[in-house]
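In case you want the letters, here they are:
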Amino acid sequence: MTTAYLTDKRFTEHDFPGHPEHAGRIEAVWQQLGASGLSEQLLHIAPTAASDEQILAVHTLDHLRRLIAVAHGERTVRLDPDTYALPVSLDAARLAAGAVIGAVDALLSAQADNALAIVRPPGHHATAERAMGFCLLNNVAIAARHAQSVPGIEKVLILDYDVHHGNGTNDIFYADPSVYFISIHQSPFYPGTGALDETGSGAGRGYTLNIPLAGGHGDGSYRRLFDEVVRPAVERFDPDLMLISAGFDAHWVDPLAGTQLTLGGYDHLARECIGLAERLCDGRIVFVMEGGYDLSALANGWVNIARALLGQDEISDPYGEATSAMDERVIEPLIDKLRRVHGL
């Protein structure tokens, strides 16, 4: 099994001291992949920056021009209360999007069987028109559109299990039946979107599956949701490519959220996704780094994804069981409603 690995030291140049989304996040992942001996088992591919054309397949010209204006300045800018940009940030964001594009290309050219893109700034909150939620460009959305330019790739599945709703990805593909967007997220919570009845519009109606969870749900709830809702939905869509927006901020130690997943629960999700990709789309799956703000949970989570992609069984989990996860039976009314609304 060959697993492509795309990352770049230049991602650390986008940094703001004291901000939750800082350069130390990606440095922790690099360190853990190296210490585990996994880095040398992966196929390193140097990313190249996304072009204006690739970015504008997803984002508006006004949005790109705003980021270019910051790049031509001399200071750090707050684009909103949560989101910062430095003069170097657009370069980092182009490279992040380009890394996910490169991961897709590695699969479609048979250079690798699967891939992981360890990137920042993250992307899933960035809408077509604006940066928000720590995100400047929507990395998975740009890569999905790029993939569809390749003959044979028509249907792309994006599964987002960051603890925050991927509102940007949701909105970009809301009317598009060729991209099926699934999000499992804590609700109510930032950014306040992702209600169960947000299912798409026009030709895209039914191709958005939002799974809003109250804080406190853990491994059992996620396992049941995957078995009873996510898996049948993905199988029905039958994608040509799977992109996973993987955030480790649903882990029970994460300081920004209140969900109770463990690293074992995360590992189960990743392996289930890999199994679906192997059955449905010749194993073509790319895991893309989004959130996660406890450095150890984040780093060990990505070690586990790398092992799963390589076909190894070992799991790293320095934290163990969650302290106060809800009983999984509490999820049954939500599962029933999701199955009803989506005809599963």
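Rules used in this analysis
- Note on numbering: residues in each chain are counted from 1, in written sequence order.
- The predicted origin of the model limits local features to residues at a pLDDT of at least 70 and limits the giving and counting of side-chain atom pairs to 80 or more, whereas totals for whole chains, interfaces and linings rest on all residues.
- Note: side-chain values were computed over all heavy atoms of the structure, leaving out hydrogens and water.
- Each residue's exposure class comes from its accessible area (1.4 Å probe, protein chains only) as a fraction of the maximum for that residue type: buried when under 20%, exposed when over 50%, partly exposed otherwise.
- Runs of E in the DSSP output that reach at least two residues are strands. Runs of H or I that reach at least four are helices, and both are numbered from the N terminus.
- Whether two strands pair comes down to DSSP finding at least two bridges between them.
- Points on a 1 Å grid over protein atoms alone make up a cavity when a 1.4 Å probe fits among them but cannot get out, and a pocket when they form an open set with protein on both sides within 12 Å along at least five of seven lines; lining residues each have an atom within 4 Å of a point.
- Grid points are joined across faces, edges and corners, and a volume is the space filled by probe spheres set on the points.
- Under this grouping Gly is polar, as are all residues other than the nonpolar Ala, Val, Leu, Ile, Met, Phe, Trp, Tyr, Cys and Pro and the charged Asp, Glu, Lys and Arg.
- Helix span, expected: 1.5 Å multiplied by one less than the number of residues in the helix.
- Should any heavy atoms of two residues lie within 4.5 Å, those residues are considered in contact.
- Buried Ala, Val, Leu, Ile, Met, Phe, Trp, Tyr and Cys residues form a nonpolar core when they are joined through side-chain atoms within 4.5 Å.
- Note on method: axes are straight lines fitted to C-alpha atoms, helices fitted across the in-contact stretch only, with angles between N-to-C directions ranging 0 to 180 degrees.
- Any pair of cysteine sulfurs within 2.5 Å is marked as a disulfide.

### A word on the pairing of strand E5 (residues 114-117)
- Side chains Asn114 and Leu116 of E5 all project onto a buried face; the interleaved residues Ala115 and Ala117 project onto the opposite face, where all are buried too.
- Two elements, strand E1 (residues 3-6) and E5, share four bridges in a ladder whose sense is parallel. Directly across from Ala4, in E5, lies its bridge partner Ala115.

### Focus on the layout of surface pockets
- If you add up the space inside the largest pocket, you get close to 160 Å³.
- The wall of the largest pocket is formed by 16 residues, among which His125, Gly133, Phe134, His164 and Tyr293 lie closest to the centre.
- For the lining of the largest pocket, the class distribution of residues is seven nonpolar, five polar and four charged.

### Notes on helix H1 (residues 23-35)
- For H1, built from 13 residues, the straight-helix expectation of 18 Å at 1.5 Å per residue is met to within 8% by its first-to-last C-alpha distance of 19 Å.
- Among the residues making up H1, those that are buried are Ala23, Gly24, Arg25, Ile26, Ala28, Val29, Trp30 and Leu33.
- As for H1, its buried residues are in contact with E1, strand E10 (285-289) and helix H9 (295-310).
- Trailing H1 by a residue or two, Gly37 shows a phi angle of about 80°, which is positive.

### Brief notes about the nonpolar core
- Counting 105 residues, the largest nonpolar core has Tyr161, Ile182, Ile211, Phe287 and Trp302 as its most contacted members.
- Ranked by the residues each element gives to this core, the list is headed by helix H4 (residues 89-108), at 12 residues.
- Beyond its immediate sequence surroundings of up to four residues, Ile211 is in contact with Ile182, Ser183, Ile184, His185, Leu225, Val229, Val230, Leu334 and Leu338.

### A closer look at the sheet that holds E1
- Strand order in this open sheet of eight strands is E2-E1-E5-E10-E9-E6-E7-E8, and the pairing throughout is parallel. Of all strands in the sheet, those bounded by a partner on one side alone are strand E2 (43-44) and strand E8 (208-213).
- Here strand E9 (residues 241-246) pairs with E10 via five bridges, running parallel. In the strand pairing of E10, Ser245 is matched with Val288.
- Contacting strand E6 (156-160), strand E7 (179-186), E9 and E10, helix H5 (residues 139-147) runs over the sheet at an angle of about 175° to E9.

### Quick word on the state of the cysteines
- Counting across every chain of the model gives zero disulfides.
- Cys273 takes part in no disulfide bond, and the closest cysteine sulfur to it belongs to Cys281, at a distance of 11 Å.
- With a relative accessible area of 1%, Cys273 lands in the buried category.

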